Amino acid sequence: ELGKIADAMGLEAFLVGGFVRDLVMSHKNEDFDVVVEGDGIAFARRFAQVHGCRVHSHSEFGTAVIIMEDGFKIDVASARFEYYASPASLPVVETSSLKMDLYRRDFTVNTMAIQINEKSFGTLIDYFGAQRDIKAKAIRVLHNLSFVEDPTRVFRAIRFEQRYGFSIGKLTSNLIKNAVKMDFFRHLSGRRLFSELKLILEDENPIGAVDRMAGYNLLPFIHPDLDFGPEKQDLFESVKEVLTWHDLQFMDDSYMKWAVQFLALFHGFDQDQVDAALLRLEIAPKFHDLFYEHRQYGRQCLYRLEREEKIINSELYRMLRLLPTEMLLFLLARAKSKNAKRRLTRFLTELKGVACLLSGKTLKQMGIKPGPIYKKVLDAVLDARLDGKVFTFEDEMALAV
Ligand code: ATP
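Worth saying up front: this structure is predicted, and the values here are computed from it rather than measured.

Caption draft 1: Focus on the packing of helix α7 (residues 152–164) against helix α10 (residues 207–215). Closest axis-to-axis distance for the α7/α10 pair is 9 Å, and the angle between their directions is 140°. Judged on the interaxial angle alone, α10 and α7 are oblique. Judged by the sense of rotation from one axis to the other, the crossing of α7 with α10 is right-handed. Across the interface between the two elements, Phe155, Ile158, Glu161 and Gln162 from α7 touch Gly208, Ala209, Arg212 and Met213 from α10. Residue composition of the contact of α7 with α10, grouped by class: four nonpolar, two polar and two charged.

Caption draft 2: Spatial organisation of the pattern of salt bridges. Considering all chains together, one arrives at 22 salt bridges under this definition. Note that Glu12 is salt-bridged to Lys119, the shortest N-O span being 3.4 Å. Residue Glu12 is found in strand β1 (residues 12–16), and its partner Lys119 is found in the loop between β8 (113–115) and β9 (124–125); the two are separated by 107 residues along the sequence. Salt-bridge contacts for Arg163 lead to Asp203; the nearest nitrogen and oxygen are separated by 3.8 Å.

Caption draft 3: Just helix α13 (residues 271–280), in detail. Buried within α13 we find Gln273, Val274, Ala277 and Leu278. The buried side chains of α13 occupy one side of the element, clustering within an arc of 135° when seen end-on. Summarising the geometry of α13, the exposed residues directed more than 90 degrees from the buried face are Asp272 and Leu279. Looking at the buried residues of α13, the elements they touch are α14 (288–291) and α15 (293–307). Near the N-terminus of α13, the side chain that reaches the backbone nitrogen of Asp272, with its oxygen 3.0 Å away, is that of Asp270.

Caption draft 4: View of the nonpolar core. Counting 117 residues, the largest nonpolar core has Leu218, Phe262, Phe291 and Leu320 as its most contacted members. If we ignore the near neighbours within four places in the chain, the residues touching Leu320 are Cys301, Leu305, Leu328, Leu344 and Phe347. Of all hydrophobic cores here, the second largest spans 10 residues; its members include Ala79, Leu102, Ala113 and Ile125.

Caption draft 5: Spatial organisation of the sheet that holds strand β3 (residues 54–58). Judged by pairing direction, the sheet is mixed, and its seven strands sit side by side in the order β3-β4-β5-β2-β1-β8-β9 without closing on themselves. Strands with a single pairing partner mark the edges of an open sheet, and in this sheet they are β3 and β9. Here β1 pairs with strand β2 (residues 32–37) via four bridges, running antiparallel. By the bridge assignment, Glu12 is partnered in β2 with Glu37. Sitting on the sheet, helix α3 (residues 40–51) is in contact with β2, β3, β4 (63–67) and β5 (73–79), with an inclination near 170° to β3.

Caption draft 6: Representation of the site of the ligand within the structure. Taken together, the neighbourhood of the ligand is formed by 15 residues, with Arg21, Asp150, Arg153, Arg159 and Arg163 sitting nearest. One of the backbone N or O atoms of Asp106 is found 3.1 Å from a nitrogen atom in the ligand. For the ligand, an oxygen atom lies 2.7 Å from a polar atom in the side chain of Arg163. Out of a free accessible area of 590 Å², the ligand has 74% covered by protein chains. Of all the cavities here, the one that holds the ligand is the largest pocket. Secondary structure elements with two or more residues in the shell around the ligand: α2 (18–24) and α7.

Caption draft 7: Examining a negative patch on the surface more closely. A cluster of acidic side chains, namely Asp225, Asp227, Asp270, Asp272 and Asp275, defines a negative patch on the protein surface. Here Asp270 lies in the loop between α12 (257–265) and α13.

Caption draft 8: Geometry of the environment of Trp245. Mapped onto the elements of the fold, Trp245 is located in helix α11 (residues 230–249). Take Trp245: its relative accessible area is 25%, and that puts it in the partly exposed class. In the structure, Trp245 is positioned 173 residues away from Phe72 in sequence and 29 Å away in space, judged by C-alpha atoms. The contact partners of Trp245, leaving out residues within four places of it in the chain, are Phe250, Leu332, Thr345, Leu348 and Thr349.

Definitions and limits used
- Position numbers for residues count from 1 along each chain, tracking the sequence in the order it is written.
- Whole-chain, interface and lining totals are the exception, using all residues; otherwise, since this is a predicted model, local features are given only for residues with pLDDT of at least 70 and side-chain atom pairs are given and counted only at 80 or more.
- Based on all heavy atoms of the structure, the side-chain values leave hydrogens and waters out of the count.
- Under this scheme, a helix contributes an axis fitted over its contacting stretch, all axes are lines through C-alpha atoms, and angles between N-to-C directions fall in the 0 to 180 degree range.
- Strands here are runs of E lasting at least two residues and helices are runs of H or I lasting at least four, both read from the DSSP assignment and numbered beginning at the N terminus.
- Here the angle decides the label: under 35 degrees means roughly parallel, over 145 means roughly antiparallel, 65 to 115 means roughly perpendicular, and every other value means oblique.
- Note on convention: near helix rotated counterclockwise from far helix by under a right angle means a left-handed crossing. Clockwise means right-handed.
- We call two residues contacting when some pair of their heavy atoms lies within 4.5 Å.
- When residues are sorted by character, Ala, Val, Leu, Ile, Met, Phe, Trp, Tyr, Cys and Pro go into the nonpolar class, Asp, Glu, Lys and Arg into the charged class, and all the rest, Gly among them, into the polar class.
- Whenever Lys or Arg places a side-chain nitrogen within 4 Å of a carboxyl oxygen from Asp or Glu, that contact is recorded as a salt bridge.
- Each residue's exposure class comes from its accessible area (1.4 Å probe, protein chains only) as a fraction of the maximum for that residue type: buried when under 20%, exposed when over 50%, partly exposed otherwise.
- Comment: arc refers to directions from the helix axis out to C-beta atoms.
- We call two N or O atoms a polar contact when they sit within 3.5 Å, provided that within protein one can donate a hydrogen and the other can accept it, with sequence-adjacent residues counted only if both atoms are side-chain atoms.
- Nonpolar core, defined: a set of buried Ala, Val, Leu, Ile, Met, Phe, Trp, Tyr and Cys residues in which side-chain atoms within 4.5 Å join the residues together.
- Pairing between strands requires that DSSP locate at least two bridges from one strand to the other.
- For each residue, the test is whether any non-hydrogen atom lies within 4 Å of the molecule or strand; if one does, the residue is near.
- Only the protein chains shown count as cover for residues, with accessible areas throughout obtained via the Shrake-Rupley method and a probe of 1.4 Å.
- Both cavities and pockets are sets of points on a 1 Å grid over the protein atoms alone; in a cavity a 1.4 Å probe fits but cannot get out, in a pocket the set is open with protein on both sides within 12 Å along at least five of seven lines, and lining residues sit with an atom within 4 Å of a point.
- In this scheme, a molecule is assigned to a cavity or pocket if more than half of its atoms are within 2 Å of the grid points.
- A patch is a set of surface residues, each over 30% in relative accessible area and not in a salt bridge, joined within 9 Å for like charges and within 5 Å for the nonpolar side chains Val, Leu, Ile, Met, Phe, Trp and Tyr.
- Lys and Arg are tallied as positive, Asp and Glu as negative. Neither His nor the chain termini are counted.
- A single reference atom marks each charge: NZ on Lys, CZ on Arg, CG on Asp, CD on Glu.

Any link to function would need more than the numbers given here.
This is the structure we're talking about:
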């Protein structure tokens, strides 16, 4: 359908980037990125008009997002014809805008395109040896200045390498070492550094990637004291197990995977060190609680969970309900004793979702005068339910009275 619109408008249109890479490698990918030679925004608008969907556009970048009725999104970018003065005063040349667009990408494996115009639908375009590098399982930059242009590509190289089980090519590896030596990251904004780090820590298994970052000596750019020794590797292994368990158990519970890994990365740091890392990465204030209050309180909780002889359900509930899922999962990964592990899993699987049947409304209907007493009564009823002392609505009513 995209192809038809492109044909009607006399534009050449291509699928590009991660989708094509993953298609060639038979990996799943549902991110559609389209590049249009010409005005991508006009193309997106026409498509939306014909198919009755919405469009968000950014005219300064020439990009648009088509949002289908079911929420499916297609990113559209414009590639404009560009004129390059070639060296040795040869005449100015016009380069295919698609080729220029692809040349600006990070790695050869990301430079393929598939034409979607009807006449040559499905033609694979590979200017820079992407298929060769996929066969060779190599991550390679397109030119020597790639990391100068954008140092975040260093982190992307590691992420792709680990995700696909590829290796960073020899020359690319040397360019990374050079980037580290010359400190290309000094001027990199915290926001961009963080967003790449986050992508690494969101991946299924970040251990290989963090290990690689340590190997290239990249961790000190996040914080000078950050390292990845055997102890921290064990902690990451343990986090991985916990997250797998959690994701199987609660398939649609959402939480920030990266944040759990982040807690593991900073484990052993004191507050000043965490402070400096959060500052370097320009981490938004809405996440600070997790790395300050919750981190501190979580540590106290774990201490109790490991050592206390007896903790009844209501006590466990009151203690742990103040912590977000990310911290609870991190504590579970850190827990040493069977007791602490059992308590944390009990909270997550059984207690967290418990609620009493009575509400403020029912108390009112029972003729109890509204006031601070309500909270007391409802808390007591909930505690009784957690501790298995009440089961039915009538039990709760009796207790409330
Ligand atoms: P993922 O599966 O992680 O989404 P992706 O390849 O789709 O991988 P995106 O970050 O969505 O990754 O980027 C889309 C495309 O844009 C990539 O294929 C890549 O070619 C290009 N790209 C992204 N970031 C950069 C960058 N920093 N420098 C050059 N090209 C980039």
